[in-house]
Amino acid sequence: GALLGLPASDDKKAPVNPRVFEVVELEKALVAQLQRMAQENCTLVIVSSLHREVMEKALPDLPCWMIAESGACCRAPGTKVWDEDSSMLSHQGDQREWMGAVEE
């Protein structure tokens, strides 16, 4: 199966063709495998450049982390709310603490 995603665009106000939100049905075997993986004692994360609405339609009930729009937003397992704050992806806060000051 395949998903149809948004075309790359630097212009945030560019008109979007409504067909980009259409989802081609994923193969049932793939969805079943993802469901099994999500139920195991592991953390399943799906990262995609696709728009969040496309991912929701393709995998509506999959209990996993979803990172959409090339990392612009994420959704935690078991929630329907997408967070656009990238700090949600870090469980330990700012990961740059180890970096020293830049000297000129």
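This paragraph deals with the nonpolar core. Of all hydrophobic cores here, the largest spans 16 residues; its most connected members are I46, L59, L62 and M66. Mapped onto this core, the elements with two or more residues apiece are α1 (28-39), α2 (52-58) and β2 (65-68). Broken down by element, the residue count for this core peaks at three residues, all from α2.

The next subject is the sheet that holds β2. One open sheet accounts for three strands, arranged β1-β2-β3; its pairing is mixed. Strand pairing shows two members of the sheet lacking a second neighbour, β1 (45-47) and β3 (73-75), which therefore form its edges. Averaged over neighbouring strand pairs, the angle between their axes works out to 15 degrees when direction is ignored. Sheet topology places β1 next to β2; three bridges connect them, and they run parallel. Bridging from a neighbouring strand, V47 pairs with I67 of β2.

Our focus in this paragraph is unusual backbone geometry. Phi angles above zero are rare outside glycine, and E69 is one such case at about 55 degrees. Within the secondary structure, E69 is located in the loop between β2 and β3. A positive phi angle is found at S70, which is not glycine, with a value near 55 degrees. Of note, S70 is situated in the loop between β2 and β3. Among the residues examined, S70 registers a relative accessible area of 60% and is labelled exposed.

The rules behind each value
- Sequence positions are assigned chain by chain, starting from 1 and proceeding in written order.
- Per-residue local features of the predicted model are confined to residues with pLDDT of at least 70, and side-chain atom pairs are confined, for both listing and counting, to 80 or more; whole-chain, interface and lining totals are unaffected and use all residues.
- Derived side-chain values reflect all non-hydrogen atoms in the structure, with water molecules and hydrogen atoms excluded from consideration.
- The set of buried Ala, Val, Leu, Ile, Met, Phe, Trp, Tyr and Cys residues whose side-chain atoms join them within 4.5 Å is what this entry labels a nonpolar core.
- Classification of residues uses two cut-offs on accessible area relative to the type maximum, computed with a 1.4 Å probe and protein chains only: under 20% is buried, over 50% is exposed, and between them is partly exposed.
- Numbering goes from the N terminus for both helices and strands, where a helix is a DSSP run of H or I of at least four residues and a strand is a run of E of at least two.
- One requirement defines pairing of two strands: DSSP has to find at least two bridges between them.
- In this analysis, axes come from line fits to C-alpha atoms, helices being fitted only over the stretch in contact, and the angle between any two N-to-C directions falls in the range 0 to 180 degrees.

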